[in-house]
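Fold and contact review
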Protein chains: 2
Amino acid sequence: MTKQTDISGSGSKSSGGNLRIDGQALWSDLMETARFGATAKGGIKRLTLTDEDRQVRDWFARTCESLGCTITFDSMGNLFARRPGQDNTLPPITMGSHLDTQPTGGKFDGILGVIGGLSVLRALHASGYTTRHPIELINWTNEEGARFTPPMMCSGVFAGVFTEQDVLDKRDRAGIRFGDELEAIGYRGSEPCGQHPITAYFELHIEQGPILEVEDKTIGIVAGVQGMRWYEVTVRGKDAHAGSTPMPMRHDALLASARMIEAISDIAIAHAPASVGTVGLIENRPNSNNVVPGETFFTVDIRNPDDAIVATMEGEFRKRFAAIAEASGVTLDIVPIWDAPAVHFSPACIDMVTEAATEAGYSARRIVSGPGHDAAYLASIAPTAMIFVPCKDGLSHNEEESITEPDAEAGANVLLRAVLKADASFSTAA
Amino acid sequence: MTKQTDISGSGSKSSGGNLRIDGQALWSDLMETARFGATAKGGIKRLTLTDEDRQVRDWFARTCESLGCTITFDSMGNLFARRPGQDNTLPPITMGSHLDTQPTGGKFDGILGVIGGLSVLRALHASGYTTRHPIELINWTNEEGARFTPPMMCSGVFAGVFTEQDVLDKRDRAGIRFGDELEAIGYRGSEPCGQHPITAYFELHIEQGPILEVEDKTIGIVAGVQGMRWYEVTVRGKDAHAGSTPMPMRHDALLASARMIEAISDIAIAHAPASVGTVGLIENRPNSNNVVPGETFFTVDIRNPDDAIVATMEGEFRKRFAAIAEASGVTLDIVPIWDAPAVHFSPACIDMVTEAATEAGYSARRIVSGPGHDAAYLASIAPTAMIFVPCKDGLSHNEEESITEPDAEAGANVLLRAVLKADASFSTAA
């Protein structure tokens, strides 16, 4: 899918334009980190703040130090690998993403952005090229939000969206506290999260959708992120014996929830094609073959690039849920847990990514991100853009998640060039 | 709800007809056993073969020994308290039920039958009356089937419905083996399960339904048990990112399961009023807010007094499930795990219960049991009948399960009289 590239003539020595990514080293780093939390089906289970997370962080720190970088981490465990520049009083040009995964995650979601950034540091180190700004590679804590919700938690604190204390006190479904786990893996730093000025932020990521593959494009120039909202829903009915409770006398929390799960799908489809609606997590109590369920808990996720449509979808499902609850003889509790408005990235950074892709000779198209990313929060505090590469069948949050080695290299080359353009242009401005 | 009773004239010394239950002792035994696995909401969580199960078994054994009984248990952990009779070569007249509960169970389901039988032993012990047959009180292992399915597991082995080895190898949802847990609590006996001849079996139980209460009857004379079938269903779709996977490209296992859960309810209602259909247990994978569910597991429970209607309901839901799976782009695996045909109790034993209720002066009516009971299996190897008493709002498998002290005493008085009638009539026959 990657077109042949000749960058020999492009750029100039002073802009580091002749630097290029070592695709083999990039791929072998991806495969090496995939060992931490590797699953039988070839995926990764590396939930945030677990021992597997600690292991990959340790590997990341060692490897970056071997490339002449200094490692620091802040009070949320966000991890910074800093390569000095000519003027170290300038805030750094940054790259980053996350090394945590879903319970049945793949080898590339988030990881490509960190390891791709590492390949940029490798290229700079190998060439001995010194940028004007310091360059920093960042691993954000708990992007996935699978163990502790909401997602993008610690880039959120960094950007001032969440408070540090709120996040430290979050608990997973087992009741374990975020702050305790962060201490336990040894990555709670002394630098207060957010007091770390940056000049610009670039994030390389797999698309996690089907568009680039379907259109045979190598690079997605990401213009922004769609709006999304999350909710926790608790439905309360009444436990009763499954054998002797007549159907009309039941208050079946799971049956009512089933109707609500269908309503979410119906509403998303009614706002086609850009809307999605998902119930991804459900817990049923007492959860016994022989008992009419008395209480059910589930999550709702709705998204659209237009915040107004997201708001309309919320209004619609609240109305549908209330009607279902009444008809089913159950009570309903809906708690909004996350509201991320649509994000529009920096035109300047988008232009740098566009030029980088063009100069490198890769096929590219503009795209709006379906998933949320740390970049969505960074965009509120610094010029930000993202680079997408295709993933097989648009499949992600899945152990079968797959990308090609040439596409990984292409994405990292665009990241490298965009970082060097930012180093040149922002320092001129500075 | 209990009518005043005068049994002074009824029966004869030789038949022990002037014996009566000590209602206060019965109630205090019920409350004492309720401490083993007591929940904050006033219910009991005493899953089979747990430490709480061991504790209540130990209490049962000690208490029965203090009433002059001998304790034995068989290779399935079924527990027998034997009171000698005049002719100990005769197989015993037996009473029993179970002391295990649901995860959020009440204080009476099963327990009343065991403790009510204990109150019969108390009455015999207090009077010094010696029956012709030995009298045995039985606590059956794992009636609930909440931890290890199917229910009525060890009365099933006793009756030859299941093999001992199949049951020993059953595993709970955590993968723990039945046989290992039975050994661990110290109740795996040397007597091979099933090699324990009995003359007759009577089981006292709460109705677990609303009928007796609605009709203001104290005693249910149970003519039999409705037919029921259980299934385990696995729906397989494809994990995918909740933000970037367009609705038409999804293979959402939970959404398909939601449609199937509604289908089960629709089918039961279509066969009103005697049919019930329940999905009581569901597990969703990977069960993360942010992931379209790739696999869902749930159970199906369908019942009707007429086996032909149960078969029709199975045919209907298999057809509906197949259509839903195809329309939802998922695959379907349906495993039948339990098939209990309708049971008809012994006319002789039903008559004894009827006469006992009449002589004791309690209001009574014939009834068919909705739930399954150990008696349903015992009926295949010995003359068997059951006695029901009302429970508040028909509520069971619920921590709020509730009965009155007079109703408990009434049920035990009928059990006592029925046992004495069986002792007289069956020994004449013997």
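All of these numbers come straight from a predicted model, not from anything done at the bench. (Residues numbered from 1 in each chain as written. Chains lettered and ligands numbered in written order. Predicted model: local features only at pLDDT ≥ 70, side-chain atom pairs only at ≥ 80, totals over all residues. Heavy atoms only, no water.)

Next up on the list: the domain arrangement of chain A. Residues and elements named next belong to chain A. For chain A, the domain assignment lists domain 1 (13-226 + 342-425) and domain 2 (227-340). Look at where the C-alpha atoms of domain 1 and domain 2 centre, and you get two points 34 Å apart. Tallying the contact residues gives 13 residues for domain 1 and 16 residues for domain 2. Both sides together, the interface formed by domain 1 and domain 2 hides about 1,100 Å², and carbon and sulfur atoms give 56% of it. For domain 1, the biggest contributors to the area lost against domain 2 are Arg173, Gln226 and Ala342; these three give 55% of the whole. In this structure, the connection of domain 1 to domain 2 is made through 1 salt bridge. The salt bridge involving Glu283 is made with Arg173; its shortest N-O contact spans 2.7 Å. At the junction of domain 1 and domain 2, the tally comes to 4 residue pairs in polar contact (both at pLDDT 80 or more). Broken down by class, the residue content of the side of domain 1 that touches domain 2 amounts to 8 nonpolar, 4 polar and 1 charged. (Domains from an automatic or database assignment. Contact = heavy atoms within 4.5 Å. Buried area = accessible area lost by both parts, 1.4 Å probe. Salt bridge = Lys/Arg side-chain N within 4 Å of Asp/Glu carboxyl O. Polar contact = N/O pair within 3.5 Å; in protein donor to acceptor, adjacent residues only side chain to side chain. Nonpolar A, V, L, I, M, F, W, Y, C, P; charged D, E, K, R; others polar.)

Here the focus is the UniProt feature "domain: Peptidase M20 dimerisation" (unreviewed entry) in chain A. The positions that UniProt labels "domain: Peptidase M20 dimerisation" (unreviewed entry) are, in the present scheme, residues 224-325 of chain A. The annotated region residues 224-325 of chain A carries 36% helix and 32% strand content, and the separation between its end C-alpha atoms amounts to 37 Å. (UniProt positions renumbered as here; feature names shortened; annotations may be inferred. Helix = DSSP H or I, 4+ residues; strand = E, 2+ residues; numbered from the N terminus.)

Before going further, it helps to examine the environment of Leu332 of chain A. All names here are of chain A. Of note, Leu332 is situated in strand E13 (residues 331-340). In this structure Leu332 comes out as partly exposed when scored by relative accessible area, which is 29%. When the C-alpha atoms of Leu332 and Val235 are compared, they prove to be 4.8 Å apart, with 97 residues separating the residues in sequence. Ignoring any residue separated from it by four or fewer positions in sequence, one finds Leu332 in contact with Val233, Thr234, Val235, Met260, Phe321, Ala322 and Ala325. (Buried < 20%, exposed > 50% of the residue type's maximum accessible area, 1.4 Å probe, protein only.)

Glancing now at the pairing of strand E2 (residues 79-83) of chain A. Residue and element names in this part refer to chain A. Most of E2 sits out of view: 4 of its 5 residues are buried. Judged from the 4 bridges that link them, strand E1 (residues 70-73) and E2 form a sheet pairing that is antiparallel. Across the sheet, Ile71 pairs through a bridge with Ala81, a residue of E2. Of the strand pairs in this sheet, E2 and strand E4 (residues 135-139) are connected by 5 bridges, and their pairing is antiparallel. The residue bridging Arg82 from the neighbouring strand is Glu136, located in E4. (Pairing = 2+ DSSP bridges.)

Here we come to the environment of Gly113 of chain B. All names here are of chain B. Considering the arrangement of structural elements, one finds Gly113 in helix H3 (residues 111-127). On the basis of relative accessibility, which here comes to 1%, the residue Gly113 falls in the buried class. Spatially, the C-alpha atom of Gly113 lies 9.6 Å from that of Met386, the residues being 273 residues apart in sequence.

So, about the pattern of salt bridges. Residue and element names in this part refer to chain B. Evaluated as defined, the whole model comprises 54 salt bridges over all chains. As a salt-bridge pair, Glu136 and Arg82 come within 2.8 Å of each other at their nearest N and O atoms. One end of the pair, Glu136, is in strand E4 (residues 135-139); the other, Arg82, is in strand E2 (residues 79-83), with 54 residues separating them in the sequence. The class of Glu136 is buried, set by a relative accessible area of 2%.

Below, the discussion takes up the state of the cysteines. All names here are of chain B. On inspection of all chains with the given rule, the structure shows 0 disulfides over all chains. No disulfide involves Cys64; its sulfur sits 5.4 Å from that of Cys69, the nearest cysteine. Judged by relative accessible area, Cys64 falls into the buried class, the value being 0%. Cysteine Cys154 is unpaired, with the sulfur of Cys193 as its nearest cysteine sulfur at 6.5 Å. (Disulfide = S-S within 2.5 Å.)

Once that is clear, we can look at the relation of the copies chain A and chain B. Laying chain A over chain B is done by rotating through 179° and shifting 0.0 Å along the axis; what remains is an RMSD of 0.1 Å. With respect to symmetry, the two chain copies, as superposed, fit the operation of a two-fold axis. Scanning chain A for the C-alpha nearest the rotation axis identifies Ala258 of chain A, at a separation of 2.1 Å. Mapped onto chain B, 100% of the interface residues of chain A are again interface residues, and the two copies thus contact each other with one and the same surface. (Least-squares fit on C-alpha atoms with pLDDT ≥ 70 in both.)

A few words on the interface of chain A and chain B. Taken residue by residue, the interface counts 62 residues in chain A and 62 residues in chain B. Carbon and sulfur atoms make up 56% of the area that chain A and chain B hide from each other, which totals about 5,100 Å². The largest share of the area that chain A buries against chain B comes from His241, Met247 and Asn289 of chain A, three residues that together contribute 14% of it. Between chain A and chain B we count 2 salt bridges in total. Elements supplying a minimum of two residues to the side of chain A that touches chain B: strand E8 (240-241), helix H8 (253-270), strand E9 (276-278), strand E10 (282-285), strand E11 (291-292) and strand E12 (295-304) of chain A. The greatest single-element share of the side of chain A that touches chain B, amounting to 9 residues, is contributed by H8 of chain A. Its residues assigned to classes, the side of chain A that touches chain B shows 26 nonpolar, 25 polar and 11 charged.

We now examine the side chain of Gln208 of chain A. The residue Gln208 of chain A is located in the loop between strand E5 (200-206) and helix H7 (211-214) in this model. In this structure the side chain of Gln208 of chain A is engaged in a polar contact, spanning 3.1 Å, whose partner is the side chain of Asp109 of chain A. With residues up to four places along the chain from it excluded, the contact list for Gln208 of chain A reads Asp109, Pro371, His373, Cys391, Gly394, Ser396 and His397 of chain A together with His241 and Ser244 of chain B.

Our focus in this paragraph is the packing of aromatic side chains. Tallied over the entire structure, the rule returns 24 aromatic pairs over all chains. Taking 5.8 Å as the distance between ring centres and 85° as the angle between the ring planes, the aromatic pair formed by Phe162 of chain B and Tyr377 of chain B counts as edge-to-face. Pair noted here: Phe162 of chain B is in the loop between helix H4 (153-158) and helix H5 (164-168) and Tyr377 of chain B is in helix H11 (residues 374-378), with a separation of 215 residues, a long-range link. Cluster of aromatic residues (ring-pair linked, three or more members): Phe80, Trp140, Phe158 and Tyr201 of chain A. One residue, Arg57 of chain A, lies across the ring of Tyr187 of chain A, its end atom 5.1 Å from the ring centre. (Phe/Tyr/Trp six-rings, centres within 6.5 Å; stacked < 30°, edge-to-face > 60°. Lys NZ or Arg CZ within 6 Å of the ring centre and 35° of its normal.)

Residues three or four positions apart in an α-helix share a direction because the helix packs 3.6 residues into each turn. Residue and element names in this part refer to chain A. Between its terminal C-alpha atoms helix H10 (residues 347-360) stretches 20 Å, which fits the 20 Å expected from 14 residues at 1.5 Å a residue. Of all the residues in H10, the buried ones are Cys349, Ile350, Met352, Val353, Ala356, Ala357 and Ala360. For H10, the angular spread of buried residues about the axis comes to 160°, placing them on one side. Facing away from the buried side of H10 by over 90 degrees, the exposed positions are Pro347 and Thr358. After H10 finishes, the residue Gly361 shows a positive phi value of roughly 80°. (Expected span 1.5 Å × (residues − 1). Arc of directions from axis to C-beta.)

This part is about the packing of helix H1 (residues 23-33) of chain B against H3 of chain B. All names here are of chain B. Closest axis-to-axis distance for the H1/H3 pair is 9 Å, and the angle between their directions is 135°. When the interaxial angle is binned, H1 and H3 end up oblique. Viewed along their axes, H1 and H3 form a crossing whose handedness is right-handed. Along the contact surface, H1 presents Ala25, Leu26, Asp29, Leu30 and Thr33, while H3 presents Ile111, Leu112, Ile115, Gly116, Leu118, Ser119 and Arg122. Taken together, the residues of the contact of H1 with H3 sort by class into 7 nonpolar, 3 polar and 2 charged. (Axes fitted to C-alpha atoms, helices over the stretch in contact; angles between N-to-C directions. Parallel < 35°, antiparallel > 145°, perpendicular 65-115°, else oblique. Left-handed = near helix turned anticlockwise from the far one by under 90°.)

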